[in-house]
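# Per-entry structural report
If you want the building blocks of each chain, they are given just below.
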Amino acid sequence: MAVLLSTKAQAMKAWRDALLAVDPTLDIRMFPDAGDPAGIEAAVVWTAHDMAELRRYPKLKLIVSMGAGVDHLLRPPGPPPGIPVARLVDRMLTTQMGEWVLLNVLRFHRQDPDYRAQQRDRVWRELPAPVTAERRIGILGLGELGTHAAGLLRGIGFPVMGWTRRPKAVEGVENLHGPDGLRAMAARSDILVCLLPLTPETRGIVDASLLGLMPRGGFVINGARGGHVVDADLLAALDGGHLAGAALDVFQPEPLPADHPYWSHPKVVMTPHAASITIPASAAPQVVDNLRRAREGRPLVNLVDFSAGY
Ligand code: NAP
């Protein structure tokens, strides 16, 4: 089976080596050197790959995303009609995101921005002790990433809620779903964590109306996609004093322009879409497994549901 590989130049070799380490018989073609288009049966692509380009391959059976999110692949023109898309569900991606969420929840919970400011000003002052059991965490999205993060937070004593599209039972996590569930959860979230896929339903979900429901002094953590947050509304909530801080990994656009107010905002901590980075050696076994399933006509795994958009 010939596999088209397309990603950032610096990642191409690592991906090729990782896939060949699992299956040395793979015929890997590194984009743009695709060779005979009729030989390509699968495409393993980073989100930037042009979906129109994939219409050149008449025998294409499967598209595999090199990441967990597929919003870039689904936007028009979308994948060639009838071709399934699989995404990554990878232990190392999940672990990294859990760490990033934990880092930022603890940063805000333990008043780290205030203590950093005091250190800068050489102020020796003890702030009131934070109480873990009283700091309510609301997680938007209880999928692979949200469920793992919820477990970590619950494990150290935070009360955790999770919002989903459909009802979902996760041990020790209060589940809310649908529009009413969203409002109810926001109203009780001292820290609101976004781990949703970006779909037409979730774009701009973190807006003034949602933020306004949050308790005063709350925090927002976004590790999902920049498009979930209405930046002007978040900045207004921070500047107006309703929110105390935000931790953001994802932006719109990326890279974030140098003159964007987030860069120098005293209440914002940023990372450059680095909360959870795909490690090819970790992801390769499941990619190869799906390639074999496609070749042998067996059921594929981690498929994207086009009707749901994730
Ligand atoms: P997932 O397993 O597909 O889970 C998505 C969750 O969101 C599910 O619980 C789903 O509800 C919920 N959801 C989707 N649409 C909804 C809606 N309209 N209303 C309420 N809930 C909704 O996704 P994942 O693997 O956890 O990844 C989540 C996102 O993280 C990815 O799509 C990607 O954009 C982002 N991500 C970011 C990074 C980074 O480095 N910053 C890295 C990896 C991923 P149901 O349970 O009802 O289906």
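The present account deals with the structure reproduced in this document. (Residues numbered from 1 in each chain as written. Predicted model: local features only at pLDDT ≥ 70, side-chain atom pairs only at ≥ 80, totals over all residues. Heavy atoms only, no water.)

## Details of the overall build of the protein chain
Scanning the protein chain for helices and strands turns up 9 helices and 12 strands. The C-alpha radius of gyration of the protein chain comes to 21 Å, within 12% of the 19 Å expected for a compact globule of 310 residues. Counting only C-alpha atoms, the protein chain reaches 65 × 40 × 30 Å along its principal axes. For the protein chain, buried positions account for 49% of its 310 residues. Here the analysis covers contacts within the protein chain between residues at least 6 apart in sequence; of these, 61% occur between residues at least 24 apart. When the 33 positive and 32 negative side-chain charges of the protein chain are each reduced to one mean point, those points stand 2 Å apart. (Helix = DSSP H or I, 4+ residues; strand = E, 2+ residues; numbered from the N terminus. Rg over C-alpha atoms; globule rule 2.2 N^0.38 Å. Buried < 20%, exposed > 50% of the residue type's maximum accessible area, 1.4 Å probe, protein only. Contact = heavy atoms within 4.5 Å. Lys, Arg positive; Asp, Glu negative; His and termini not counted. Charge placed at Lys NZ, Arg CZ, Asp CG, Glu CD.)

## Re the site of the ligand
Taken together, 28 residues sit near the ligand, with R87, L145, R166, D249 and Y310 positioned nearest. A distance of 2.9 Å separates a nitrogen atom of the ligand from a polar backbone atom of G223. In the environment of the ligand, an oxygen atom lies 2.5 Å from a nitrogen or oxygen atom belonging to the side chain of Y310. Here the ligand has 940 Å² of accessible area as a free molecule, and 93% of this is covered by the chains. Taken together, the residues of the shell around the ligand sort by class into 12 nonpolar, 8 polar and 8 charged. Taken together, domain 1 (2-90 + 278-296) and domain 2 (91-270) each give at least three residues to the shell around the ligand, which thus spans both. (Near = heavy atom within 4 Å. Polar contact = N/O pair within 3.5 Å; in protein donor to acceptor, adjacent residues only side chain to side chain. Areas by Shrake-Rupley, 256 points an atom, 1.4 Å probe, with all protein chains shown as cover. Nonpolar A, V, L, I, M, F, W, Y, C, P; charged D, E, K, R; others polar. Domains from an automatic or database assignment.)

## Regarding the pairing of strand β2 (residues 27-30)
Where strand β1 (residues 2-6) and β2 come together, 4 bridges link them in parallel fashion. Its bridge partner being in β2, L5 is matched across the sheet by M30. After leaving β1, the chain enters helix α1 (residues 9-22) and then returns to the sheet as β2, a path that is right-handed. (Pairing = 2+ DSSP bridges. Right-handed = clockwise from strand over helix to strand, strands pointing away.)

## Comments concerning the sheet that holds β2
Here we have 5 strands laid out as an open sheet, ordered β2-β1-β3-β4-β5, and parallel in their pairing. At either margin of the open sheet sits one strand with a lone partner, and together these are β2 and β5 (85-86). Note that strand β4 (residues 62-65) and β5 share 2 bridges and pair parallel. When the sheet's bridge partners are listed, V64 is paired in β5 with A86. Against the sheet, helix α9 (residues 280-296) makes contact with β1, β3 (40-45), β4 and β5, and its axis sits at roughly 170° relative to β4, the strand it touches most. (Axes fitted to C-alpha atoms, helices over the stretch in contact; angles between N-to-C directions.)

## Some remarks on the nonpolar core
Soluble globular proteins tend to pack their nonpolar side chains together in the buried interior. Counting 29 residues, the largest nonpolar core has L140, W163, L211, L234, L243 and Y262 as the members making the most contacts within it. Going through the elements one at a time, β7 (160-164), α6 (178-187), β9 (191-194), α7 (208-213), α8 (231-239) and β11 (243-248) are the ones with two or more residues in this core. Setting aside its immediate chain neighbours within four residues, L140 contacts W163, L182, M185, L192, V193, C194, L195, L196 and V206. Counting 24 residues, the second-largest nonpolar core is a separate cluster that includes M1, M12, V44 and A284. (Core = buried A, V, L, I, M, F, W, Y, C linked by side-chain atoms within 4.5 Å.)

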